[in-house]
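# Report on the structure
As a plain string of letters, each chain reads:
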Amino acid sequence: MEEKQNWLQWTADRIGWEAIDKAMLTRKIPKVNWAYTLGSTTLFVAIIQLVTGMFLTMYYSPSPDHAYDSINYIMNDVTLGWLIRGLHHWGASVMVILVFLHMWRVFYYGAYKYPRELTWILGVLLLVTVLALGFTGYLLPFDQKSYFATRVGTSMAGVVPLIGPFLKRVLLAGEDVGTLTLARFYGLHIWILPALFVLFVVPHLYLVFRIGISAPPVLEEEDEEGEEA
Amino acid sequence: MSDVRRAHSPEMNRRSFLTGVILWVSGIIAAIIGVPAIGYFVSPALKTSKGEKWIALGKLGDVAIKKPKAVNFQIAIKDGWINSELTETAFIVREDQSKYIVLSNQCTHLSCKVYWSDEKQVYICPCHNGIYDMEGGNISGPPPRPLDRYKTKLQDDQIFILVKG
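It should be emphasised that the depicted structure is a prediction, and the values quoted were computed from it without experimental measurement.

Moving on: the overall build of chain B. Along the backbone of chain B there are 2 helices and 10 strands. Beginning at the N terminus, the succession of helices and strands in chain B can be written as α-α-β-β-β-β-β-β-β-β-β-β. Rg of the C-alpha trace for chain B: 30 Å, well past the compact-globule value of 15 Å for 165 residues, more than 25% over. Taken along the three principal axes of its C-alpha coordinates, chain B extends 100 × 35 × 20 Å. Once local pairs closer than 6 in sequence are excluded, the contacts in chain B between residues at least 24 apart make up 47%. By element, 57% of the accessible surface of chain B is carried by carbon and sulfur atoms, the whole surface being about 10,800 Å². Of the charged side chains in chain B, 21 are positive and 16 negative, and the gap between their average positions amounts to 9 Å.

Residues and elements named next belong to chain B. Under the counting rule described, the total for this entry stands at 1 disulfide over all chains. Disulfide pairing places C112 opposite C127 at an S-S distance of 2.0 Å. Its S-S torsion of about -95° marks the bond between C112 and C127 as left-handed, since a negative value means left-handed. Here C112 is found in the loop between β4 (100-104) and β5 (115-117), whereas its partner C127 is found in the loop between β6 (122-124) and β7 (131-132), with 15 residues between them in sequence. In this structure C127 comes out as partly exposed when scored by relative accessible area, which is 38%. Of all cysteine sulfurs, the one in C125 lies closest to C107, which takes part in no disulfide; the gap is 3.7 Å. Classification of C107 as buried rests on a relative accessible area of 4%.

So, on to the pattern of salt bridges. Residue and element names in this part refer to chain A. One pass over the structure, following the stated rule, counts 4 salt bridges over all chains. Put simply, R151 and D176 hold a salt bridge, and the shortest N to O gap is 3.6 Å. With R151 in helix α7 (residues 144-158) and D176 in the loop between α8 (164-172) and α9 (179-211), this pair connects stretches of sequence that are 25 residues apart. Residue classification places R151 among the partly exposed positions, given a relative accessible area of 34%.

Attention now moves to the packing of aromatic side chains. Per the stated rule, a full pass over the model turns up 16 aromatic pairs over all chains. Ring geometry for Y36 of chain A versus Y109 of chain A: centroids 5.5 Å apart, planes at 25°, classification stacked. Taken as a pair, Y36 of chain A in the loop between α2 (17-24) and α3 (38-56) and Y109 of chain A in the loop between α5 (81-108) and α6 (117-139) lie far apart in primary sequence, 73 residues in all. Of the two residues, Y36 of chain A and Y109 of chain A, neither departs from the other in class, the shared state being buried. Cluster of aromatic residues (ring-pair linked, three or more members): F55, Y59 and Y73 of chain A together with Y40 and W81 of chain B. Directly above the aromatic system of W10 of chain A lies the positively charged group of R14 of chain A, at a separation of 4.0 Å from the ring centroid. Geometry around F160 of chain B places K153 of chain B over its ring, the cationic atom sitting 5.7 Å from the centre.

A few words on the interface of chain B and chain A. Taken together, the 14 residues of chain B in the interface contact 22 residues of chain A. Carbon and sulfur atoms make up 75% of the area that chain B and chain A hide from each other, which totals about 1,600 Å². Summed over the three residues of chain B that lose the most area to chain A, namely I33, Y40 and W81 of chain B, the buried surface amounts to 50% of that side. At the junction of chain B and chain A, the tally comes to 0 salt bridges. Counting every contact that joins chain B to chain A gives 5 residue pairs in polar contact (both at pLDDT 80 or more).

Between α5 of chain A and helix α2 (residues 14-46) of chain B, whose axes approach to 9 Å, the crossing angle comes to 125°. Between α5 of chain A and α2 of chain B, the crossing angle belongs to the class labelled oblique. In this structure, α5 of chain A meets α2 of chain B at a crossing whose hand is left-handed. Facing α5 of chain A, whose interface residues are G81, L83, I84 and L87 of chain A, α2 of chain B presents I33, P36, A37 and Y40 of chain B.

Moving on to unusual backbone geometry. Residue P115 of chain A is bonded to the preceding Y114 of chain A through a cis peptide linkage, with omega at 5°. Positive phi outside glycine occurs at L162 of chain A, with the angle close to 65°. Within the secondary structure layout, L162 of chain A lies in the loop between α7 and α8. Judged by relative accessible area, L162 of chain A falls into the exposed class, the value being 86%. In the Ramachandran plot, Q121 of chain B falls in the positive-phi region, its phi being about 60° despite a non-glycine side chain. Among the secondary structure elements, Q121 of chain B is positioned in the loop between β5 and β6.

This brings us to the confidence of the model for chain A. In the predicted model, chain A carries a mean pLDDT of 92, and the fraction of residues at 70 or more is 93%. Looking over chain A, one finds the lowest element-wise mean pLDDT in α2 of chain A, namely 86, and the highest in α6 of chain A, namely 98.

Attention shifts here to the sheet that holds strand β10 (residues 158-164) of chain B. Strand pairing within a sheet occurs via backbone hydrogen bonds; the two strands may be parallel or antiparallel. Residues and elements named next belong to chain B. The strand order across the open sheet formed by 3 strands is β1-β10-β9, and the pairing between neighbours is antiparallel. Strands at the two margins of the open sheet, each flanked by one partner only, are β1 (52-59) and β9 (152-155). Put simply, the sheet's adjacent strands are angled 30° from each other on average, direction ignored.

About the criteria used
Residues numbered from 1 in each chain as written. Chains lettered and ligands numbered in written order. Predicted model: local features only at pLDDT ≥ 70, side-chain atom pairs only at ≥ 80, totals over all residues. Heavy atoms only, no water. Helix = DSSP H or I, 4+ residues; strand = E, 2+ residues; numbered from the N terminus. Rg over C-alpha atoms; globule rule 2.2 N^0.38 Å. Contact = heavy atoms within 4.5 Å. Areas by Shrake-Rupley, 256 points an atom, 1.4 Å probe, with all protein chains shown as cover. Lys, Arg positive; Asp, Glu negative; His and termini not counted. Charge placed at Lys NZ, Arg CZ, Asp CG, Glu CD. Disulfide = S-S within 2.5 Å. Buried < 20%, exposed > 50% of the residue type's maximum accessible area, 1.4 Å probe, protein only. Salt bridge = Lys/Arg side-chain N within 4 Å of Asp/Glu carboxyl O. Phe/Tyr/Trp six-rings, centres within 6.5 Å; stacked < 30°, edge-to-face > 60°. Lys NZ or Arg CZ within 6 Å of the ring centre and 35° of its normal. Buried area = accessible area lost by both parts, 1.4 Å probe. Polar contact = N/O pair within 3.5 Å; in protein donor to acceptor, adjacent residues only side chain to side chain. Axes fitted to C-alpha atoms, helices over the stretch in contact; angles between N-to-C directions. Parallel < 35°, antiparallel > 145°, perpendicular 65-115°, else oblique. Left-handed = near helix turned anticlockwise from the far one by under 90°. pLDDT = per-residue confidence, 0-100. Pairing = 2+ DSSP bridges.

Below you can see the structure in the form of structure tokens.
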């Protein structure tokens, strides 16, 4: 370890983050390729979504009378509001693309197999959470596109056998998209779903650090430097 | 790592170089989000009301001498993305036939609204018991200065005050 500044050593003595650093950042990993960075990239975009989303709540108003106008205000009147909302808007699409690419990499290399089944299951829960975040966030601008997209999406839920019509009424909080739909989508989007995301992502990452990442499955003779985790 | 390569630079090896690069790139990315976020957060504070406007309060003839009259008036405000009206109150105080002043009802201590007490002949602030005399001068309590006076003008017995907005 290099010489540390006093305050760094002082906190290190109490927190013991040399152990955390060793477990998370300087741990041994097998010889891998760029596809193995997709998980970190997804986490990075998720953090951007979390931060920009928090800032958006400072101006956004989740009521049918104000939702559209408040977003117009963010885009045109707030300093760099277009940037904060732009990051959140495009980040949402990037997020969905990245979780799928990440999933395909894990699937393609068979990294979901023993002992990493739980990591995969948590990943599936994260995928569903991310899609739900995308769907609920889509309604929030409350323009024509989001209004009808939500009608379409909830109508799909309505064709589920037996419970469909009830499920649709629960999602909409009524018969059609309206005040209550917007309010509950907002609540889901900024509280419930991000909380679930954190709840799933923490053990997901813990398992990645505990078990280690899998090496790409290659033939024995090609596998020179790969260190089994 | 070979001794030859390590001898090349004892302070800077590949690991410390990459650590530095990662920290710098992370810092730059954090600044790209963080600096706009500061501007985004403080932006409404930088928008100050630009104009001033004369608003009619009523006829001087309708105000009794030595009897402050509370008058409501509306000012147009831009409240975020909402254009709305705010109702304010001012006191017209008539000293004699021609002399009059218009006082703001906003306490100079912490901006509560004062009311006129006919019984005690003073303005009272209900928040921290600031007391002002009829012309807005301080009598007691925490207010640091007299009640603010509006700039006024008289046209055909009509009183106008100059307000922001």
